[in-house]
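Examination of the molecular architecture
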Amino acid sequence: MIERTSIAKLSEFAEQKVTICGWTEKIRDQKTVQFIVLRDETGSVQLVREKVEGDSVCSTISDLSTDSVVQVIGVVKIDPRVKLGGLEVQIEDVVVLSKADPIPINEETSLDKRLDWRFIDLRSSRNRLIFEVQTELERSYRTTWEEEGFIEIHSPKLMGAASESGAELFRVDYFDTSAYLAQSPQFYKQMAMAAGFGKVFEIGPVFRANPSFTSRHDTEFTSVDVELSWVDSHEDVMNFEQHLLSRMLKDISDKFKDEIQSMFGVDVVVPKLPFPRIKLADAIEIVERSGHKIERTDGDLDPEGERRIADYVLKEFGHQFVFLTDYPATVRPYYHMRHAEDQTLTKSFDLVWKGLEITTGAQREHRYDILVNQAIEKGLELPPLQFYLDFFRYGMPPHGGFGMGLTRVLMILLGLKNVREVTFLYRGPNRLTP
RNA sequence: GGACCUGUGGUGCAGCUCGGAGUGCACGCCGGCCUGUCAAGCCGGAGGUCGCGGGUUCAAAUCCCGUCAGGUCCGCCA
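Residues numbered from 1 in each chain as written. Chains lettered and ligands numbered in written order. Predicted model: local features only at pLDDT ≥ 70, side-chain atom pairs only at ≥ 80, totals over all residues. Heavy atoms only, no water.

1. Comments concerning the environment of H243
Positionally, H243 belongs in helix α6 (residues 234-264). Residues H243 and V270, 27 residues apart in the sequence, show an inter-C-alpha distance of 11 Å. Ignoring anything within four residues of it in the chain, the contact list for H243 reads T144 and E148. (Helix = DSSP H or I, 4+ residues; strand = E, 2+ residues; numbered from the N terminus. Contact = heavy atoms within 4.5 Å.)

2. Topic: the protein's contact with RNA strand B
Around RNA strand B, a shell composed of 48 residues is seen, among which Q46, R81, H217, I358 and R408 lie nearest. The sugar-phosphate share of atoms of RNA strand B within 4 Å of the protein amounts to 55%. At 2.5 Å from a base nitrogen of RNA strand B is found a side-chain nitrogen or oxygen belonging to E88. Those elements that provide at least two residues to the surface near RNA strand B are β1 (17-29), β2 (33-40), β3 (43-50), α2 (111-116), α8 (303-317) and β17 (356-363). (Near = heavy atom within 4 Å. Polar contact = N/O pair within 3.5 Å; in protein donor to acceptor, adjacent residues only side chain to side chain.)

3. A short note on the sheet that holds strand β5 (residues 87-98)
The strand order β1-β2-β3-β5-β4 describes a closed barrel built from 5 strands, whose pairing is mixed. When the angles between neighbouring strand axes are averaged without regard to direction, this sheet yields 55°. Relative to β3, β2 runs antiparallel, the two being bridged by 8 bridges. For D40, the partnering residue across the bridge sits in β3 and is G43. (Pairing = 2+ DSSP bridges. Axes fitted to C-alpha atoms, helices over the stretch in contact; angles between N-to-C directions.)

4. Observations concerning the pairing of strand β15 (residues 342-346)
Pairing between strand β14 (residues 338-339) and β15: 2 bridges, direction antiparallel. Bridge pairing in β15 places R338 opposite T346. Hairpin geometry of β14 and β15 is characterised by an intervening segment of 2 residues between the two adjacent antiparallel strands.

5. Things to note about the domain arrangement of chain A
Taken domain by domain, chain A comprises domain 1 (7-98) and domain 2 (118-422). Taking only C-alpha atoms into account, the centre of domain 1 sits 48 Å from that of domain 2. (Domains from an automatic or database assignment.)

6. Digging into empty space enclosed by the protein
In the structure shown here, the tally under the stated rule is 1 cavity of 30 Å³ or more. As a volume, the largest cavity reaches approximately 40 Å³. Forming the boundary of the largest cavity are L115, R118, F424, L425, Y426, R427, R431, T433 and P434. (1 Å grid on protein atoms, 1.4 Å probe; cavity = no way out; pocket = protein on both sides within 12 Å on 5 of 7 lines; lining within 4 Å. Points joined across faces, edges and corners; volume = space filled by probe spheres on them.)

7. Brief notes about the nonpolar core
Counting residues in hydrophobic clusters, the biggest one holds 48 residues, and the most contacted among them are V133, L137, Y141, W145, L245 and I260. Counting residues per element, this core draws most heavily on α6, at 11 residues. When sequence neighbours within four positions are dropped, the list of residues in contact with W145 reads F150, F201, I203, V224, V226, F240 and L244. Grouped together as the second largest cluster of nonpolar side chains are 18 residues, L10, L38, V72 and V76 included. (Core = buried A, V, L, I, M, F, W, Y, C linked by side-chain atoms within 4.5 Å. Buried < 20%, exposed > 50% of the residue type's maximum accessible area, 1.4 Å probe, protein only.)

8. Comments concerning the packing of helix α4 (residues 125-147) against helix α11 (residues 406-413)
Where α4 meets α11, the axes come as close as 11 Å, and the angle between the chain directions of the two elements is 120°. When the axes of α4 and α11 are compared, the pair comes out oblique. For the pair α4 and α11, the sense of crossing is right-handed. Contacts from I130, V133, Q134, L137, E138 and Y141 of α4 reach α11 at L406, V409, L410 and L413. Each residue belonging to the contact of α4 with α11 can be placed in one class, and the counts come to 8 nonpolar, 1 polar and 1 charged. (Parallel < 35°, antiparallel > 145°, perpendicular 65-115°, else oblique. Left-handed = near helix turned anticlockwise from the far one by under 90°. Nonpolar A, V, L, I, M, F, W, Y, C, P; charged D, E, K, R; others polar.)

9. A short note on helix α7 (residues 280-289)
Taken residue by residue, α7 has L280, A283, I284, I286 and V287 as its buried positions. Buried positions in α7, seen along its axis, are confined to an arc of 165° and lie on one side of it. Turned more than 90 degrees off the buried face of α7, the exposed positions are A281, E285 and R289. Buried residues along α7 sit in contact with β12 (277-279), α8 and β13 (321-325). Trailing α7 by a residue or two, G291 shows a phi angle of about 100°, which is positive. (Arc of directions from axis to C-beta.)

10. Section: the pattern of salt bridges
Across all of its chains, the model carries 37 salt bridges by this definition. As a salt-bridge pair, R118 and D121 come within 2.8 Å of each other at their nearest N and O atoms. Taken together, the positions of R118 and D121, both in helix α3 (residues 118-121) and 3 residues apart, correspond to about one turn of that helix. Residue R118 shares its accessibility class with D121, and that shared class is buried. (Salt bridge = Lys/Arg side-chain N within 4 Å of Asp/Glu carboxyl O.)

This is the structure in C-alpha cells:
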C-alpha cells in the first residue's frame, strides 16, 4: 500500500511531513502562489506552493487538470486564513499518478447523463454518503437479525419456473433449455421454513421484466427478504418489521443525522412503535372521502391513494409509516393466507412510507390442500409448481414474511425522487450500461 | 402497453407563439493578467450539421409531417 495520511486526519499532523493522495478538485494557479484543493475518500484539503521561476514542482502543478489523481508530499500547517478546515499542506513534491481528461459532467448535469458517467458522478461526497448510509442500513439490519437468531440464506437467481408474484420474468438461455431470473426469493425462503431454519433473511438481487417507466422501478434491484416460522398471524410479521425499521432509523440517525440534513435537507425521524395499521378497505374509504376517485376496479389503492393515506396518517397520528392490511384475495397471490372468518380477505399487508409502498408481506398459507386449492382458483398450472408445493407436504410450520425494496427505502430515507440516484448502477428497460 | 413532455457547443438553459445570418446567458475548457486564493477575480479565445429525414417558404432552431433517442406520470410492483 502507498503509505499515506487520510485527509480527515491531517489536523493530527501539524508541522509534520505527510503523504496524501487523491483527486485534484480545484487548481488555482496564480502569479506568485498556487493552490490545489485535493479530495480523497475522507474529505478535501487545500494544498499550497509558492511559485518560483523554473521550479519543476510549480510547472507540474500548472499542467494539472481537474480530477487528476496525484500523490503529494508536504508539511501540514495550521492556518486560520484557510476556509477549508483551517489548515493546508505546503507542497514539497507532486507526483501525477493519473492525468484526467476534461470531465464531461458537472453538478448541473441531468440524471440520465450523469448515469452514463456514473463513476465520476459517484465521486461527490453527496453520492458517497448515499452508499455510506446504505452500508449502515444493512449493518443495522444484520445486527437485529443476529440478535434474533436469524439465518442468512443465498437463494439461486436462476430458476426453472416462475416464483409467481405477477411480475414478468426474464428468460435466459440455459444449455439446451431455458431458465428464468428470479423475481423474488419467495419460494426458497419458504423452503427454509420447511427445512426448519426458523427465521431467515436474504439481501440479494431480484429481476423484473416489466417495462416500467417510473422513478421507483428498475428491472434489477436489491431486495431485503425476511421469513419467520411460528407466527400467529401477519401481525407478528408486521411487529418484526417495524422493530427492524425503527432500529435501523435510530442507527442511521445516530451516525448520519447531521450529514443527511446538510446534504439532502431531510430530517431522519426515528419512528414510534407501533406503526399505525389501517385495513385496506378503510384506507380506500378515507382516500375517497378526501376527494380522490380511485379509477382502478380491482380493489387496490393507486399511487395517489397511497400518498393521500400517508398524508392522512401523518396528520392524524403524526407517523410517517402506515401498514395497510387485509388486502382482498383478488389482488394477492395464492400463497397468502386468508382470514378464517372471511375468505375474501388475506392476512397480508403493504407498508407505505411517506406515500411510497416499500414492502409487501403476509402470513403464508402453510396447509397443503388449501394452498393447492387457492392456486387452482387463480388458474395456475400445478405441475411446474409441484417442487414448491412439495415443501408443504412433509411438515411445514405456520410462517410469514415480507420483501422490502432496498432502493425504495434509501430513496425515501434521503428524500430523493428517483431510485436511480440510490442504485450503484441502475438497470431499467432502457439502460444496461455502464 | 397508454398519456404527456423534452432533444440547441463538454454541461445547464434561453431563443420557437409572431420564420429573417447560429443570436444570448451561466458553468466548464484553453491562453493571458493578478503577492493567499478559497463559489477567486479581470481580459481574451476555442468549441454547434439547433437529434435525424422530408415538406411549406425567397428564407426554418422556429411552422407542418414522419422518425429516432430520452424523461415524467399511469398500468405492473418492492
